[in-house]
Amino acid sequence: MVAITSVKESRERVVSSDIPEIDLQWKRDKARKLMVRACEEFGIFKVINHGVPKEIIENIEKEGKNFFSLPTSDKQKAGPPNPLGYGSKQIGYNGDMGDLEYLLFHTNPTSIYQRLRTTTKDAFKFSCVVNDYVDKVRKLACDLLEMLGEGLGLEDTKTFSKLVMDAESDSLVRLNYYPCCEGNSKEKLGIIKKKDDKGPRIGFGDHSDPQIITLLRSNEVEGLQIQSPWDSSVWIPVKSDASAFFINVGDALQAMTNGRLTSVRHRAIVNTQKTRMSTIFFASPSLQTLISPLPEMVTHEKPHKYRPYTWAEYKRIMYSLKLATNRLELFLSD
Ligand code: GA4
């Protein structure tokens, strides 16, 4: 689990860590128990032997790199993000900025090609590669959600996975591209102690994901950090592993489990030496889904923590707020 091995004295502290790791070749009972525990304690775990073919991953990595190497004017044909499409630096609509470029798509197969078609002559190939990736990763997301349903002892173990399998699911896929920058010296990365440190350059600022779960994979370049569950001033760097997926609990899963599983706050920092690229699948319900604590998660001692909301309502509110806002707090029951 997370082992604290070094602490840096400054406004923010960075500690080194190991994220709970789950091997999908383990016996199912062992894997689902550890998965639930990781989601309760940290809101994140890593899966290895996940079954997503190497070729599918290599293809999206290659096509993604090709896209971000295009001239800016070509990339901009898929933007500005509304919120889908190509974006650079600007995140959302309320002044959040990050040191990154990105592509954000709805996972509906035709929408990906529609966004890309005027950007590059390889748009069709790129959109096919993204669709292939989404198919496999959606399947992995549903398997993991079913294991979580079993681990939580739900009567209908497919409660979560059904929401993502729905033909109208609002799932998204995102490619984040963080060009390396000289600004993140060893001091800023928290490796060397320095006075008056303003902290590292932020690629994507501190936030929790609004959806059910997120499946993130990146190249071998470090950058993802999670906020310590025990101390919000401590950021835990996640060791990169290009062969694994990092799975994190989103706000909707926290709400449906009545707060038992916790959506982890995380951020991405920019690497000094190497360009980082991550591919992220956000498993979501349909817009009209009513999200509410499951009856099995509500007891006399643990009454309804959140009021019911539709996914559409949550989205509307989240787009009116800054990235770092703790949105779920606005949905606490009276
Ligand atoms: C965070 C998680 C996903 O990347 C995302 C982001 C979305 C966006 O980039 O358009 C948001 C952010 C994310 C939450 C608050 C709002 C919306 C930017 C922002 C400031 C695609 C999502 O679903 O929510």
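Residues numbered from 1 in each chain as written. Predicted model: local features only at pLDDT ≥ 70, side-chain atom pairs only at ≥ 80, totals over all residues. Heavy atoms only, no water.

## A look at the sheet that holds strand β13 (residues 276–283)
- With mixed pairing, the eight strands of this open sheet are ordered in space as β2-β3-β11-β8-β13-β6-β5-β4. At either margin of the open sheet sits one strand with a lone partner, and together these are β2 (21–23) and β4 (85–91). For this sheet the average axis-to-axis angle between neighbouring strands, irrespective of direction, equals 25°.
- Strands in contact with helix α2 (residues 54–68) are β4, β5 (96–106), β6 (172–178), β8 (213–218), β11 (245–249) and β13; relative to β13, the strand with the most contacts, it is inclined by about 115°.
- Across the sheet, helix α4 (residues 109–116) touches β4, β5 and β6, and the angle it forms with β5 is around 125°. (Pairing = 2+ DSSP bridges. Helix = DSSP H or I, 4+ residues; strand = E, 2+ residues; numbered from the N terminus. Axes fitted to C-alpha atoms, helices over the stretch in contact; angles between N-to-C directions. Contact = heavy atoms within 4.5 Å.)

## Notes on the packing of aromatic side chains
- Under the definition given, this model contains 12 aromatic pairs.
- Joined through ring pairs, the aromatic side chains of Phe 67, Phe 68, Tyr 86, Phe 126 and Tyr 177 make up one cluster.
- In this arrangement the basic side chain of Arg 174 is found over the ring face of Tyr 102, its NZ or CZ atom lying 4.2 Å from the centre. (Phe/Tyr/Trp six-rings, centres within 6.5 Å; stacked < 30°, edge-to-face > 60°. Lys NZ or Arg CZ within 6 Å of the ring centre and 35° of its normal.)

## Remarks on the pairing of strand β12 (residues 266–269)
- Neither face of β12 is exposed, since His 266 and Ala 268 on one face and Arg 267 and Ile 269 on the opposite face are all buried.
- Pairing analysis gives three bridges linking strand β7 (residues 202–207) to β12, with the strands arranged antiparallel. The residue of β12 that forms the bridge with Ile 202 is Ile 269.
- Sheet topology places strand β9 (residues 224–227) next to β12; three bridges connect them, and they run antiparallel. (Buried < 20%, exposed > 50% of the residue type's maximum accessible area, 1.4 Å probe, protein only.)

## Observations concerning α2
- Its 15 residues give α2 an end-to-end C-alpha distance of 21 Å, which sits within 8% of 21 Å, the value for a rise of 1.5 Å per residue.
- Listing the buried residues of α2 in full gives Ile 56, Ile 57, Ile 60, Glu 61, Glu 63, Gly 64, Phe 67 and Phe 68. (Expected span 1.5 Å × (residues − 1).)

## Focus on the confidence of the model for the protein
- Here the protein averages 92 in pLDDT, while 90% of its residues score no lower than 70.
- In this model, residues 191–195 is a region of pLDDT below 50 whose contacts with residues beyond four sequence positions or in other chains number six contacts.
- With pTM at 0.93, the complex prediction returns an ipTM value of 0.99. (pLDDT = per-residue confidence, 0-100.)

## What about unusual backbone geometry?
- Residue Gly 79 is joined to Pro 80 through a cis peptide bond whose omega torsion reads -10°.
- Within the secondary structure, Pro 80 sits in the loop between α3 (72–75) and β4.
- Cis geometry marks the peptide bond from Asn 82 to Pro 83, where omega comes out at 0°.
- Within the element layout of this structure, Pro 83 appears in the loop between α3 and β4.
- The backbone phi angle of Asn 49 is positive, close to 55°, even though this residue is not glycine.

## Digging into the packing of α4 against helix α5 (residues 123–151)
- Contact pair α4 / α5: the axes reach a minimum separation of 9 Å and the direction vectors enclose 150°. Crossing of α4 against α5: the hand is right-handed. On α5, the residues touching Pro 109, Ile 112, Tyr 113 and Leu 116 of α4 are Ala 123, Phe 124, Phe 126, Ser 127, Val 130 and Asn 131.
- Here the residues of the contact of α4 with α5 sort into eight nonpolar, two polar and no charged. (Left-handed = near helix turned anticlockwise from the far one by under 90°. Nonpolar A, V, L, I, M, F, W, Y, C, P; charged D, E, K, R; others polar.)

## Re the pattern of salt bridges
- In the structure shown here, the tally under the stated rule is 23 salt bridges.
- Between Glu 41 and Arg 37 there is a salt bridge whose closest N-O contact spans 3.5 Å. Of the two residues, Glu 41 and Arg 37 both sit in helix α1 (residues 28–41), four residues apart, roughly one turn of that helix.
- For Glu 41, a relative accessible area of 35% puts it in the partly exposed group.
- Between Lys 77 and Asp 74 there is a salt bridge, with the nearest N and O atoms lying 3.0 Å from each other.
- Salt bridges sharing partners connect three or more residues here, namely Arg 28, Asp 29, Arg 32, Lys 33 and Glu 150. (Salt bridge = Lys/Arg side-chain N within 4 Å of Asp/Glu carboxyl O.)

## Things to note about the pairing of strand β10 (residues 234–237)
- Pairing of β9 with β10 involves three bridges; the strand directions are antiparallel. Within β10, the residue paired with Gln 225 across the bridge is Pro 237.
- If you look at the hairpin formed by β9 and β10, you'll find six residues sitting between the two strands.

## A few points about the packing of α2 against α5
- One way to put it is that α2 packs onto α5 with a least axis distance of 9 Å and a crossing angle of 140°. The angle between α2 and α5 places the two elements in the oblique class. By crossing handedness, the relation of α2 to α5 is classed as left-handed. When α2 is examined against α5, the residues Ile 56, Ile 57, Asn 59, Ile 60, Lys 62, Glu 63, Gly 64 and Phe 67 are found in contact with a partner set consisting of Lys 125, Phe 126, Val 129, Val 130, Asp 132, Tyr 133 and Lys 136.
- Class assignment of the residues belonging to the contact of α2 with α5 gives a composition of eight nonpolar, two polar and five charged. (Parallel < 35°, antiparallel > 145°, perpendicular 65-115°, else oblique.)

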